[in-house]
Amino acid sequence: QVQPVESGGGLVQAGGSLRLSCAASGRPLSTYAMGWFRQAPGKEREFVAAITRSGDDIYYADSVKGRFTISGDNVKNTVYLQMNNLTPEDTAVYYCAAKPTSAGYSTLPRWFQYWGQGTQVTVSS
């Protein structure tokens, strides 16, 4: 079992950057597929990025491709989401999610088993 804990959210102006961190207690994150999702007020939770257990495959939503980067640090047992060139449309609560798996990933929230509490990202225009 793993408990993800997000941090790094905040208020930033459009065009700015933030780096979100997802630290985990329990089993090593290298045994999990990891994902980042976000949820804006009145909207459903949506996929942002995912990295497979091996770290060899990375996937992004079209809306963030080229601006966001997901990465992992096995020594720190932490997954990051570097967000650049932020726009007001990126404003949401961002969640880190994990699923113990040997391979693969999903863009569906229901596929992931463990969730963090979320961190607020607000981008002002």
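Residues numbered from 1 in each chain as written. Predicted model: local features only at pLDDT ≥ 70, side-chain atom pairs only at ≥ 80, totals over all residues. Heavy atoms only, no water.

1. Some details on the side chain of Thr78
With respect to the helices and strands, Thr78 occurs in strand S8 (residues 78–83). Residue Thr78 is classed as buried on the basis of its relative accessible area, which comes to 8%. Within the local environment of Thr78, its side chain forms a polar contact with the backbone oxygen of Lys76, the two atoms lying 2.9 Å apart. Here Thr78 is in contact with Ser21, Cys22, Ala23, Leu29, Ser71, Gly72 and Asp73, once residues within four sequence places are set aside. (Helix = DSSP H or I, 4+ residues; strand = E, 2+ residues; numbered from the N terminus. Buried < 20%, exposed > 50% of the residue type's maximum accessible area, 1.4 Å probe, protein only. Polar contact = N/O pair within 3.5 Å; in protein donor to acceptor, adjacent residues only side chain to side chain. Contact = heavy atoms within 4.5 Å.)

2. Thoughts on the pattern of salt bridges
Taken as a whole, this structure holds 4 salt bridges when the rule is applied. Here Asp90 and Arg38 are joined by a salt bridge, their closest N and O atoms 2.8 Å apart. Here Asp90, found in the loop between S8 and strand S9 (92–100), pairs with Arg38, found in strand S4 (residues 32–39); they are 52 residues apart in sequence, far enough to count as distant. Across the pair, exposure class does not vary: Asp90 and Arg38 are buried alike. In this structure, Asp90 and Arg67 form a salt bridge, with 2.7 Å as the shortest nitrogen-oxygen distance. Placement of the pair is Asp90 in the loop between S8 and S9 and Arg67 in the loop between strand S6 (58–60) and strand S7 (68–73), with a sequence separation of 23 residues. (Salt bridge = Lys/Arg side-chain N within 4 Å of Asp/Glu carboxyl O.)

3. A few points about the nonpolar core
Formed by 34 residues in total, the largest nonpolar core has its most connected members in Met34, Trp36, Val48, Phe68, Leu81, Met83 and Tyr94. Within the residue set of this core, elements represented by two or more residues are strand S3 (18–26), S4, strand S5 (46–51), S7, S8, S9 and strand S11 (119–124). Beyond its immediate stretch of four places on either side in the chain, Tyr94 contacts Glu6, Leu20, Trp36, Phe37, Arg38, Val48, Phe68, Leu81, Met83, Gly118, Thr119 and Val121. (Core = buried A, V, L, I, M, F, W, Y, C linked by side-chain atoms within 4.5 Å.)

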